[in-house]
Amino acid sequence: MRNSPPNPHSTQNRVPPVSLLRPGIRSLLSKGLVFVAVLQCGFTISAQTASQAWLKYHPLSKPLTVPMRVSPLGQSLLEQTAAIELRRGLLSLSGGTPLESGPNMIELGTVQELRKQDPKQALPSLEQDEFLISAHRGDLIREIDIIGGSDRAILYGAFALLRNLAQGNDMSKVNLRERPAMSIRWVDEWDNADGSIERGYAGRSIFFDDGHVREDLAPVGEYARLLASIGIDGCNLNNVNNAAVFLTPQMLEGIARIAETMRPYGVRVSLSVDIASPQKIGGLNTFDPLDPAVKSWWTTKINEIYSLIPDFAGFTVKADSEGQPGPASFGRTPADAANTLAAALAPHNGVVLYRAFVYNHHADWRDPKADRARAAYDIFHPLDGKFASNVIIQTKEGPIDFQVREPVSPLFGGLTQTSQAMELQITQEYTGQQRHLVYLAPMWKQVLDFDMRAGGASTPVKQIISGKSFNRKLGGMVGVSGIGQQAWLSSPLALANLYAFGRLAWNPDLTSEQIADEWTRQTISNDPAAVRTVTKMLMQSWPAYENYTGPLGLQTLTDITGSHYGPNIESSENNGWGQWHRADHDGVGMDRSVATGTGFVGQYSPEVAKLYESATTTPDDLLLFFHHVPYTWKLHDRKTVIQYLYDSHYDGAAQAAQFVDEWTSLKARIDPELYNDMLPRLQYQAGHAIVWRDAITQYFLKLSGIPDAQGRAGHYPNRLEAEDAHLTGYKVIDVNPWEDASGGRAVNCDQNAKQPSCSAEWTYNAKAGRFNIAVQYFDLQGGTARFVLTINGQPPSPDASWSADGMFPTTRPHADNSTRHIVHNVALKPGDIVRVEGTPDRQDPAALDYIEILPATSENSGHS
Ligand code: GCU
């Protein structure tokens, strides 16, 4: 797939982050004196800007409804930032109207500052991050006050005002009071010191390179702007795996520079730590958390961190999990480890986010009672009440691992005396790696709104993690973000997920449609048709992806021991990783009931357990997560499981094709650069959805032996297989797993052959007409193979030759890299010779799966 690089020529909002300005300029900026000049001279440090995301501030078609003069009462760093952001935003939204100098103004201040200014003024008492924006209109002046419970709250208020204005909302009579629902609103970066990113799909780290903190931290400042604009207040910088190096003195100095860059936006940094650090980098011969020398090592290290970073937020811990060391090596519990860190962090107001993602990845798949889903509850529930008050247990939203659908983790209802946070992924590891459009807010909302019925009372997850249900001070949401140097998340529409994460951590009662609507207005356009279409695409994207990758609670049927991207159904079975779905000739699904299964269902409160214990009451979309049923099992609408598997995959792939048409309908309405960036991504997705569809339907057809009532699965009447063609140079290969190629086989152009290219030829012998010809090939890394389609020796159109220049996982022909190219509107008559010539390049053998002759449609679509 082609990733468009950020546009270095864009002139919008090219003001450097506040932290990178010299203090003198900062202060002038905060007074509004040099802002216009700075904006106009295009003073740029970074090509990666927040304007690539939602902070675009497109000029509005109507005049602004608020004054343009911004007057902060205080001088604090964050209040200055708020003033700068407002001026920048207002200037841009107004289309460059010079800032007003009259009496009308937006006044900024904390409650204390306003009291000092006018002791008689009646003012509300506001919480730390709470703001009030109110409009006043006198005879002569118009004023808007942004009052904060702290200077950070003023910044949140400033962004809230801008967010509303950018959506075209009339703010002349604004009266808006908001405070975040949760105290922990963090993003987790899984960045490694060498600059790579675990499960990141948008290029390299903006923080680290080659073992160091990067010199150029301008993108970090821009990222902090994005985070602050949606109320995110913490950023954990490094991978949860292999974290020891981040506590070395040299690294900590660099981390202090990152903290300084993010500080003007109220974003505090934190680090993932390796529990074995006292031994790995501290020279001790143990890391037993209860050993006095280990405790003292942590205290000294934490004091060192705070001497460099006084507002350091705390630690995230992955221990005893997937090969990471942990307290279990010494017979200690997670509470022992967490409390040792917590004690040393407490004097500095730091917190420990201890991850509940602890499980045995060498489980015995032959044991019908073994169940990875049970692990978090089995380990952490008995420790409830044993954690220090500054420890927060961070639990993934579902009991397995960020699958396309899972039930809510029962642990949320199982810790009533412990602070909790919900961890979710913004980076789309199992949900299409940003190559597929998958807006995740609807999935997160289902979890947030799910009522755990803990103690028989109403306890929705959002209230548990907000601290309300069990009266905890701390709690919140943590999003694994995966942002990188390629336009943050690579795909422009994927940024809706980062935006939605922040908005939900601020207010989990917002609906996913509302969030999609406001994101689209700020990012793409206020044009009603654009808003309608993009919102609809976003809202349909998760159900579509679920339909073609793993419906009915099967989880994502991907390559779980490899890339986590394309289909590889059996990779989940017969190994210790525990993502089993136990498909066999007769049926499919994991029995997790109490009566006959693993007993996982019993970890829920009785009311919820009652729902899941029986296959007849379990909702269809989780049926196979909780139960093993025959393929002929009837769902609630009386359709059989096997027919649903066929239908949902065909529906999902059709939906993905529909996204292309919907996006195409926006061509004249949206920024051409954005349009052209997104179109090939959606076309690619439509092709890859077919790869998924065919892999899973072929697989279950073969396993169950039950045909698709609609005759589609395993029958591809318009398809001409490469292995059946007249081949010159190409050799037939078996693809592994077999379901990743049509008919299980493909052809490879042998690198050692004398000829520089290979070809596959078919004689067309059906009706004459015009067609789209889809060519399914494997686009391997390490080379750029080239392909040409000819009809009777002539390429029928310019799009008949193309390069395999995408970047996909896996270095052999596999569904990960199976890609579709469509040559449109080709005239064919019986007897015509259709030929595909593939020219391999280095490690890319120009492998070919099949061609498909489809009815001619518009230039952009044709994926059916
Ligand atoms: C997933 C992911 C790993 C990650 C792990 C975690 O399994 O694939 O890369 O380390 O989650 O959350 O710790």
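Residues numbered from 1 in each chain as written. Predicted model: local features only at pLDDT ≥ 70, side-chain atom pairs only at ≥ 80, totals over all residues. Heavy atoms only, no water.

**Quick notes on the UniProt feature "domain: Glycosyl hydrolase family 67 C-terminal" (unreviewed entry) in the protein chain**
Taken from the UniProt record, the annotation "domain: Glycosyl hydrolase family 67 C-terminal" (unreviewed entry) applies to residues 491-712. In residues 491-712, the share of helix is 52% and the share of strand is 2%. The end C-alpha atoms are 32 Å apart. (UniProt positions renumbered as here; feature names shortened; annotations may be inferred. Helix = DSSP H or I, 4+ residues; strand = E, 2+ residues; numbered from the N terminus.)

**A few points about the domain arrangement of the protein chain**
Its domain assignment divides the protein chain into domain 1 (18-178), domain 2 (184-508), domain 3 (524-590 + 628-710) and domain 4 (719-855). Placing the centre of domain 1 and that of domain 3 at their C-alpha centroids yields a distance of 44 Å. (Domains from an automatic or database assignment.)

**Examining the environment of W762**
Among the secondary structure elements, W762 is positioned in strand 22 (residues 758-763). Taking relative accessible area as the criterion, W762 reaches 7% and is therefore assigned buried. If we skip the residues at most four places from it in the chain, W762 touches L720, E721, A722, A725, D832, I833, V834, V836, L848 and I851. Reaching out from W762, the side chain makes a polar contact with the backbone oxygen of E721 at a distance of 3.0 Å. (Buried < 20%, exposed > 50% of the residue type's maximum accessible area, 1.4 Å probe, protein only. Contact = heavy atoms within 4.5 Å. Polar contact = N/O pair within 3.5 Å; in protein donor to acceptor, adjacent residues only side chain to side chain.)

**Some thoughts on the site of the ligand**
In the vicinity of the ligand, 13 residues are found, and the nearest of them are E198, R355, K396, D401 and E429. Here an oxygen atom of the ligand and a side-chain polar atom of N241 are 3.0 Å apart. Relative to its unbound accessible surface of 310 Å², the ligand loses 96% to contact with the protein. When the residues that make up the shell around the ligand are grouped by side-chain class, the tally is three nonpolar, two polar and eight charged. (Near = heavy atom within 4 Å. Areas by Shrake-Rupley, 256 points an atom, 1.4 Å probe, with all protein chains shown as cover. Nonpolar A, V, L, I, M, F, W, Y, C, P; charged D, E, K, R; others polar.)

**Details of the pattern of salt bridges**
Under the counting rule described, the total for this entry stands at 46 salt bridges. With a closest N to O distance of 3.0 Å, R185 and D129 form a salt bridge. Of this pair, R185 sits in strand 6 (residues 184-191) while D129 sits in the loop between helix 4 (111-117) and strand 3 (131-137), and the two are 56 residues apart along the sequence. Given a relative accessible area of 8%, D129 falls into the buried group. K396 is the salt-bridge partner of D401, the closest N and O atoms lying 2.7 Å from each other. Exposure remark for D401: the relative accessible area of 7% places this residue in the buried category. Classification of K396 as buried rests on a relative accessible area of 6%. Each member of the salt-bridge network shares a partner with another, and the members are R693, D694, R719, R820 and E852. (Salt bridge = Lys/Arg side-chain N within 4 Å of Asp/Glu carboxyl O.)

**Here's the deal with the packing of aromatic side chains**
For the structure shown, the criterion picks out 33 aromatic pairs. With a centroid separation of 5.3 Å and an interplanar angle of 70 degrees, the aromatic rings of Y545 and Y548 are classed as edge-to-face. Of this pair, Y545 and Y548 both sit in helix 17 (residues 528-549), separated by three residues, roughly a single helical turn. Like Y545, the residue Y548 is buried in the burial classification. Residues F625 and F626 carry aromatic rings whose centres are separated by 5.3 Å and whose planes lie at 75 degrees to one another, so their mutual orientation is edge-to-face. Ring pairing ties together the aromatic residues F207, F208, Y223, F246 and W488, which thus form one cluster. Lying across the ring of W365, R366 places its NZ or CZ 4.4 Å from the centre. It is R712 that lies over the ring of Y650; its NZ or CZ is 4.5 Å from the centre. (Phe/Tyr/Trp six-rings, centres within 6.5 Å; stacked < 30°, edge-to-face > 60°. Lys NZ or Arg CZ within 6 Å of the ring centre and 35° of its normal.)

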